[in-house]
Amino acid sequence: MSEQSPLDLPEGDPFGPHNLPYGVFSTAADPAHRRLGVRIGDHVLDAGAAAHALGSPYAQLLAQPTLTPLLAAGRTAWRDVRRALTAWVTVPSYRPDIEPLLHHLSTVTLHLPYEVADYVDFYASEHHATNVGKIFRPDGDALTPNWKHLPIGYHGRAGTIVVSGTDVVRPSGQRKAPADAAPVFGPSVKLDIEAEVGFLVGTPSALGTPVPLAGFDEHVFGVFLLNDWSARDVQAWEYVPLGPFLGKSFATSVSAWVTPVEALDAARVAPPARDRELLPYLDDAAEELPGGFDLRITVSINGEVVSEPPFASMYWTAAQQLAHMTVNGASLRTGDVYGSGTVSGPEVHQRGSLLELTWNGTEPLQLTNGKRTFLEDGDTVTLTAWAPGPDGTKVGLGEVTGTILPARGA
Ligand code: CA
């Protein structure tokens, strides 16, 4: 009886050949050698070595320690490389060359797979924005007057984007509750998560030239899960009038795997109906492809599911966000990352932050190992997701996970 090949995947594996997310890995035997790989099942294929073994014209592009050169190569290269990789893991005659280049995930270390250029984070869920508005501005309108006219965003800190699995040190900072006479300094007591979807820019754009809605597929290479860790007490005191700063910039975790946009063709869905007319550069009613993505996210704390936010419910799409962030002529760079904003659905169990799930700490969650309002030291938060794939398959998004370490003294 022949041994089972790692390429013979169980029926319905969400990391089958229809997915093929990219990552960067090293092995214990050769820890300094970072290599570009694609995930297939619970293995990673050394993409550069495979390309070399098979005489691919893309061997040089794939024999790299990061995804960045492939990102910069543009959409035609993305398609050609994906087509080649799909053939290598599915056509039986390639198996003798491919199988020795597969590494089980339990034997590799995963790294941040690209050099992050700029980082922007949005605020695109109407349910999230409404909940936050009710919590922070109970006497005013939940949504600000601009909310339904433009995708609100801010520039984040690119240098503190970390790969999944990186521990997160509890941040310290100033906080002042409304009843306090003066601000105090210390470790955040309202450390939170934000379950988001990130988008990775490949093809740059020219300074001064806006990218239209239809430019999404040309410029955006892939999709991944993102956790925008947030210190709510620091944030609440500092954010007026210029927006988030130290309450967010201490760490943002991203998945080690980037799923190509092309793998999500079957997950494209129309966004929710808009109840007002949009300015032409944001009006996507006549676009060829729907702008939404049907991604089903799960949020777990210490292995217990606390929320299942539906990305299909997002009011603003990734294409609208791209059009908005370039409409003033700001250019895109290879490696730009932008986050969707917290994904919250209409139901209580679909809220993508503890701020909402516990209503700013007033309604604790009951977990097996105790109640939670906000995160405690030692808590591990994990986001996973899947999307509908071709022919009834599922496309898995690589998880993003992180554990809270105690604050460190100044
Ligand atoms: Ca956020």
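Residues numbered from 1 in each chain as written. Predicted model: local features only at pLDDT ≥ 70, side-chain atom pairs only at ≥ 80, totals over all residues. Heavy atoms only, no water.

Trainee: Would you mind showing me how to read the sheet that holds strand S20 (residues 296–301) here?
Mentor: Sheet strands pair via backbone hydrogen bonds, and the direction of the pair is either parallel or antiparallel. Pairing in this open sheet of 5 strands is mixed, and the strands run S9-S26-S25-S20-S21 from one edge to the other. Because the sheet does not close on itself, it has two edges, and the strands there are strand S9 (168–169) and strand S21 (304–307). (Pairing = 2+ DSSP bridges. Helix = DSSP H or I, 4+ residues; strand = E, 2+ residues; numbered from the N terminus.)

Trainee: Hey, could you run me through the side chain of Arg372 in this one?
Mentor: Positionally, Arg372 belongs in strand S24 (residues 370–372). Side-chain polar atoms of Arg372 contact the side chain of Asp379, separated by 2.7 Å. Ignoring anything within four residues of it in the chain, the contact list for Arg372 reads Asn302, Thr358, Pro364, Leu365, Leu367 and Asp379. (Polar contact = N/O pair within 3.5 Å; in protein donor to acceptor, adjacent residues only side chain to side chain. Contact = heavy atoms within 4.5 Å.)

Trainee: What am I meant to see in helix H6 (residues 126–136) here?
Mentor: Helical geometry: 3.6 residues make up each α-helical turn, so side chains three or four residues apart lie on a common side. Every buried residue belonging to H6 is among His128, Ala129, Thr130, Asn131, Val132, Gly133 and Ile135, and all of these are buried. Against helix H10 (354–357) lie the buried residues of H6. Between a side-chain oxygen at the N-terminus of H6 and the backbone nitrogen of His127 the separation is 3.3 Å; the capping residue is Ser125. (Buried < 20%, exposed > 50% of the residue type's maximum accessible area, 1.4 Å probe, protein only.)

Trainee: In this structure, what is going on with the environment of Asp46? I would like to understand it.
Mentor: Following the sequence through the fold, Asp46 ends up in strand S3 (residues 43–46). Asp46 sits in the buried class, given a relative accessible area of 7%. Spatially, the C-alpha atom of Asp46 lies 41 Å from that of Leu355, the residues being 309 residues apart in sequence. The residues touching Asp46, leaving out its near neighbours within four places in the chain, are Phe25, Arg35, Leu36, Leu101 and His103.

Trainee: Can you help me understand the domain arrangement of the protein chain in this one?
Mentor: The figure often quoted for interface size is the accessible area lost as the parts come together. Split into domains, the protein chain comes out as domain 1 (22–111) and domain 2 (119–405). Relative placement of domain 1 and domain 2: their C-alpha centres are 29 Å apart. If you look at the interface, domain 1 gives 19 residues, while domain 2 gives 18 residues. Summing both sides of the interface, domain 1 and domain 2 together bury roughly 1500 Å²; the carbon and sulfur share of this comes to 70%. When residues of domain 1 are sorted by the area they lose upon contact with domain 2, Tyr22, Leu71 and Trp78 head the list and together hold 39% of the total. (Domains from an automatic or database assignment. Buried area = accessible area lost by both parts, 1.4 Å probe.)

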